[in-house]
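# An overview of the molecular structure
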Amino acid sequence: MNVVMIGAGYVGLVSGACFAEFGAQVTCVDKLPERIDALNAGRIPIYEPGLEDLVARNVRGGRLRFTTELGDSVAAADLVFIAVGTPTRRGDGHADLQYVYAAASEIATYLTGYTVIVDKSTVPVGTAREVQRVIRKANPDADFDVASNPEFLREGSAIGDFMRPDRVVLGVQSERAEKRLRELYRPLNLIEAPILVTDLESAELIKYASNAFLATKISFINEMSQLCEATGADVNAVAKGMGMDKRIGNKFLHAGPGYGGSCFPKDTLALIRIAQEHGASSRIVESVVEVNASQKARMVAKIRQALGGSEADKTIAVLGLTFKPQTDDMRDAPALAILPALADRGAIIRAHDPEGTAEARTLMPSGIDYVDTIEDALRDADAVVLMTEWNQYRGLDLRELRSLMRGNVFVDLRNVYERRTMEDAGFVYSAVGR
Ligand code: NAI
């Protein structure tokens, strides 16, 4: 089976390497020459556990290659996946589809023999049919079907998620396309991974509905965290008690600084726009977005309050910048909203992150000091803000760190620590919803 993956980012690279591991011949195409050069030199441009070994093994095995040229590989392909970015379009919150349609028109003229063109990017309902129109217009004689195969992997555990998915969703318009996609995913039959075959529109919407629902769970528990603070309840206990109900489930019920990352913020906004375009309601998702913004603002107020009402001239050690651990992805991380708000009011910020500082430097306003060790962050600091729950921050030597600091404020935005432990170590501790 010959597979072309257009886009060698988080999704394209992981999916391409995993399909190669399944035994397919995979060519990953990216328009960024520096990305392809790095991959051809054995360097992985993103941080994702296990990816380096997986890529190296499949390159050595002759099943995976990287190029900026799509012509020859598309001509030989049985399936062409489009895994390019679909960021929020400036100004209106819509998914920006320019990269998807550019990829579609680039591949159109190279198609030879029956080919299935598969949208793996997260795209609004109707995009697969538009991709079909774009290709048909550029190459009226092409023998092809379009399909939708949304991706559900999580950064940080992407390979495991891809290899052992909760489900594979295939939106198809013909039995021929279904057969080809099933053939590609056949190794997953061994682990009995469920494969849901549906129409194009449903497949496209399943992805947005799933992400919006997960974002809803997060905003729900974040809203509850405020109520817990107001009433003296403990949000961890509330979430635990809720999660024991199998109808609710215990996942995505952790109160924190608000969701971020490359998917939830943009996909919730896009879902609202899709609903508006079709004259349908999206009131729940609109509230989810609003609650998320206010949760980030609430975190700024919480830090200010912990510092006695003003962050001016206070040194704040920030542990963690990425939107979650095990990734270097800073896209829409809560830190990007919270830290500039503190810096604007005169806080001196010293940030540590195991993987995210390079990208943070490009996205954060200047004036933030990035340090290499936790100790360097905490030395002479007035307060610590635990922003991302990297493992490195879960077992801190609290007494030693406390002794390095000038102040004793610890704001735990991920509810990692117990109040008693922190107070015993000499900290004035605040958390989220407890
Ligand atoms: P990314 O930004 O990491 O990668 C996209 C890549 O596509 C870039 O390397 C870019 O240079 C390349 N590209 C763009 N246009 C191209 C073209 N015409 N030809 C060749 N290469 C081209 O994006 P990421 O995070 O991989 O996301 C891709 C899609 O997958 C998005 O729609 C996203 O919503 C979706 N998704 C992302 C997940 C994630 O965790 N990052 C999870 C599930 C879905």
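Since we're looking at a predicted model, the values are computed, not measured.

## Overview of the overall build of the protein chain
Secondary structure assignment for the protein chain yields 17 helices and 14 strands. Along the first, second and third principal axes, the C-alpha atoms of the protein chain reach 70 × 50 × 45 Å. Relative to its full complement of 434 residues, the protein chain shows a buried share of 47%. Long-range contacts, defined here as pairs at least 24 residues apart, represent 73% of the contacts in the protein chain between residues at least 6 apart.

## A few points about the UniProt feature "binding site: NAD(+)" (unreviewed entry) in the protein chain
UniProt's entry tags Asp 30, Arg 35, Thr 86, Thr 122, Glu 155, Lys 266 and Arg 331 with the feature "binding site: NAD(+)" (unreviewed entry), counted in the numbering of this structure. Spatial dispersion of the annotated residues is evident: they stretch over 302 residues in sequence, and the largest pairwise C-alpha distance comes to 23.9 Å. Counting through the fold element by element, Asp 30 comes out in the loop between strand 2 (25-29) and helix 2 (33-40). Contact partners of Asp 30, with chain neighbours within four places excluded, come to Gly 7, Ala 8, Arg 35, Ile 36 and Thr 68. When residues no more than four places from it in sequence are discounted, the contact partners of Arg 331 are Gly 261 and Ser 262.

## Observations concerning the confidence of the model for the protein chain
Looking at the protein chain as a whole, the pLDDT averages 97, with 100% of positions reaching at least 70. Reported confidences for the modelled complex are a pTM of 0.96 and an ipTM of 0.99.

## Considerations on helix 10 (residues 235-243)
Within the sequence span of helix 10, burial applies to Val 235, Asn 236 and Ala 239. Seen end-on, helix 10 carries its buried residues on one side only, within an arc spanning 105 degrees. For helix 10, exposure combined with an orientation more than 90 degrees from the buried face picks out Ala 237, Lys 240 and Gly 241. Elements in contact with the buried residues of helix 10: helix 9 (200-231).

## Focus: the domain arrangement of the protein chain
For the protein chain, the assigned domains read domain 1 (2-198) and domain 2 (234-434). Between the C-alpha centres of domain 1 and domain 2 the distance comes to 33 Å. The interface of domain 1 with domain 2 comprises 14 residues on the first partner and 15 residues on the second. Each residue belonging to the side of domain 1 that touches domain 2 can be placed in one class, and the counts come to 7 nonpolar, 5 polar and 2 charged.

## Some details on unusual backbone geometry
In this structure, Phe 252 takes a positive phi of about 60 degrees despite not being glycine. Structurally, the position occupied by Phe 252 is in the loop between helix 10 and helix 11 (264-277). Residue class for Phe 252 comes out partly exposed when judged on the 16 C-beta atoms lying within 10 Å of it. Of note, Asp 380 is a non-glycine position whose phi angle comes to about 65 degrees, a positive value. Examined against the element boundaries, Asp 380 turns out to sit in the loop between helix 15 (374-378) and strand 12 (383-386).

## Observations regarding the sheet that holds strand 13 (residues 409-412)
Read across the sheet, 6 strands follow the order 11-10-9-12-13-14 without closing on themselves; strand pairing throughout is parallel. Either end of the sheet is taken by a strand with one partner, and the two such strands are strand 11 (369-370) and strand 14 (428-430). Two strands pair when backbone bridges link them, and strand 9 (residues 315-319) and strand 12 are joined in this way by 4 bridges, in the parallel orientation. Counterpart to Ala 317 in the pairing with strand 12 is Val 384. Strands in contact with helix 12 (residues 283-306) are strand 12, strand 13 and strand 14; relative to strand 13, the strand with the most contacts, it is inclined by about 165 degrees.

## Section: the packing of helix 11 against helix 12
For any two helices packed against each other, one specifies the crossing angle of their axes together with the interaxial distance. Viewed as axis vectors pointing N to C, helix 11 and helix 12 meet at an angle of 145 degrees, and their least axial separation amounts to 9 Å. Judged by the sense of rotation from one axis to the other, the crossing of helix 11 with helix 12 is left-handed. Along the contact surface, helix 11 presents Thr 268, Leu 269, Leu 271 and Ile 272, while helix 12 presents Val 285, Glu 286, Val 288 and Val 289.

## As for the pairing of strand 8 (residues 195-198)
Here is the key point about a regular strand: its side chains alternate between the two faces of the sheet. Pairing of strand 7 (residues 168-171) with strand 8, which is carried by 4 bridges, proceeds in the parallel orientation. Paired with Val 168 across the strands is Ile 195, a residue of strand 8. After leaving strand 7, the chain enters helix 8 (residues 175-184) and then returns to the sheet as strand 8, a path that is right-handed.

## Considerations on the packing of helix 9 against helix 10
In contact at an axis separation of 9 Å, helix 9 and helix 10 are set at 135 degrees when each is read in the N-to-C sense. Of the possible angle classes, the one that applies to helix 9 and helix 10 is oblique. Between helix 9 and helix 10 lies a crossing of right-handed hand. On helix 10, the residues that touch Ile 221, Met 224, Ser 225 and Cys 228 of helix 9 are Val 235, Val 238 and Ala 239.

## A look at the site of the ligand
Close to the ligand lie 27 residues, the nearest being Gly 7, Gly 9, Val 11, Ser 121 and Thr 122. For the shell around the ligand, the secondary structure elements donating two or more residues are helix 1 (10-22) and helix 5 (98-108). Of all the elements, helix 5 adds the most residues to the shell around the ligand, at 4 residues. Here the residues of the shell around the ligand sort into 13 nonpolar, 8 polar and 6 charged.

## Quick notes on the UniProt feature "domain: UDP-glucose/GDP-mannose dehydrogenase C-terminal" (unreviewed entry) in the protein chain
UniProt records the feature "domain: UDP-glucose/GDP-mannose dehydrogenase C-terminal" (unreviewed entry) at residues 317-419, using the numbering of this structure. Across residues 317-419 one finds 29% helix and 17% strand; the C-alpha atoms that close the span lie 19 Å apart.

## Some details on the environment of Pro 365
Here Pro 365 is to be found in the loop between helix 14 (357-363) and strand 11. For the pair formed by Pro 365 and Ile 338, sequence separation is 27 residues and the distance between their alpha carbons is 12 Å. When near neighbours in sequence (up to four residues on either side) are disregarded, Pro 365 contacts Pro 340 and Ala 343.

Criteria and thresholds
- Residues numbered from 1 in each chain as written.
- Predicted model: local features only at pLDDT ≥ 70, side-chain atom pairs only at ≥ 80, totals over all residues.
- Helix = DSSP H or I, 4+ residues; strand = E, 2+ residues; numbered from the N terminus.
- Buried ≥ 20, exposed ≤ 12 C-beta atoms within 10 Å, placed from the backbone.
- Contact = placed C-beta atoms within 7 Å.
- UniProt positions renumbered as here; feature names shortened; annotations may be inferred.
- pLDDT = per-residue confidence, 0-100.
- Arc of directions from axis to C-beta.
- Domains from an automatic or database assignment.
- Nonpolar A, V, L, I, M, F, W, Y, C, P; charged D, E, K, R; others polar.
- Pairing = 2+ DSSP bridges.
- Axes fitted to C-alpha atoms, helices over the stretch in contact; angles between N-to-C directions.
- Left-handed = near helix turned anticlockwise from the far one by under 90°.
- Right-handed = clockwise from strand over helix to strand, strands pointing away.
- Parallel < 35°, antiparallel > 145°, perpendicular 65-115°, else oblique.
- Near = placed C-beta within 6 Å.

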